[in-house]
Amino acid sequence: MRGVWTRERIALLKKFWAEGETATAIATRLRMSKSAVLGKVFRLRLRPAATATTAAARRNTKILRRRHKSRSPNKNRAKPVAAAAPAMAPGKTLFELTNDCCRWPHGQPGTKNFHFCGAPGADLEGGRPYCERHARRAYVGHRKTAAAPAGVADPPIPSPSIVPSGAKRFVFSQGRKRS
């Protein structure tokens, strides 16, 4: 009787599961599929024993021990040093923003770590809510001018409120152009 859950099979399943056997090993012993075993474990709400270690965990521990022993320490090699993260301003909250602060949001609104960029360079009254760096990210447009020579900085990108309607085409992420 393959695939039928009898009382004997359920008792064996509970016993093997409590001993920490894997679903694959139990399926092999009971001549069932791994999915059938896992489904029954779920329906019976069986939890693995706290003290029992699974066979897979024991195998992984042995493999890690072998790898650790096989490594020979090279005393001449310098230990890697963690690269220091660049010091960035923590940003500003909504109440700390002024008219010349960048309003580019960072993080998920409503969470503790949410803040705005706050870098100078924005002009809220002039219609530019972002600093130069975030304006380049926010307003991706199609440039019709020739490329600037090497060593010359890109001209500032005007904000959409300054650009006359129809003068600039915005590019979608799929590459389509909108007129």
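Residues numbered from 1 in each chain as written. Predicted model: local features only at pLDDT ≥ 70, side-chain atom pairs only at ≥ 80, totals over all residues. Heavy atoms only, no water.

J.: Give a description of helix 2 (residues 23-30) that names residues and reports values.
T.: Restricting attention to buried positions, one finds in helix 2 the residues Ala 23, Ile 26, Ala 27 and Leu 30. Viewed along the axis of helix 2, the buried residues span an arc of 100°, placing them on a single side of the element. Residues Thr 28 and Arg 29 are exposed on helix 2 and point more than 90 degrees away from its buried face. In the segment just after helix 2, Arg 31 is the residue with positive phi, at about 55°. (Buried < 20%, exposed > 50% of the residue type's maximum accessible area, 1.4 Å probe, protein only. Helix = DSSP H or I, 4+ residues; strand = E, 2+ residues; numbered from the N terminus. Arc of directions from axis to C-beta.)

J.: Describe in detail the pattern of salt bridges, supporting the description with residues and values.
T.: Scanning the entire structure with this criterion turns up one salt bridge. Put simply, Arg 128 and Glu 132 hold a salt bridge, and the shortest N to O gap is 2.9 Å. (Salt bridge = Lys/Arg side-chain N within 4 Å of Asp/Glu carboxyl O.)

J.: Got a sec to walk through the packing of aromatic side chains? Specific residues and values, please.
T.: Enumeration according to the criterion identifies three aromatic pairs in this entry. Here the aromatic rings of Tyr 130 and Tyr 139 are separated by 6.1 Å at their centres, their planes lie at 45°, and the arrangement is tilted. Accessibility classification places Tyr 130 together with Tyr 139 in one group, the buried group. Within the aromatic cluster, the residues linked to one another by ring pairs are Trp 104, Tyr 130 and Tyr 139. When the ring centre of Phe 16 is taken as reference, the NZ or CZ atom of Arg 29 above it lies at 4.5 Å. (Phe/Tyr/Trp six-rings, centres within 6.5 Å; stacked < 30°, edge-to-face > 60°. Lys NZ or Arg CZ within 6 Å of the ring centre and 35° of its normal.)

Any functional reading would require information beyond the geometric quantities listed.
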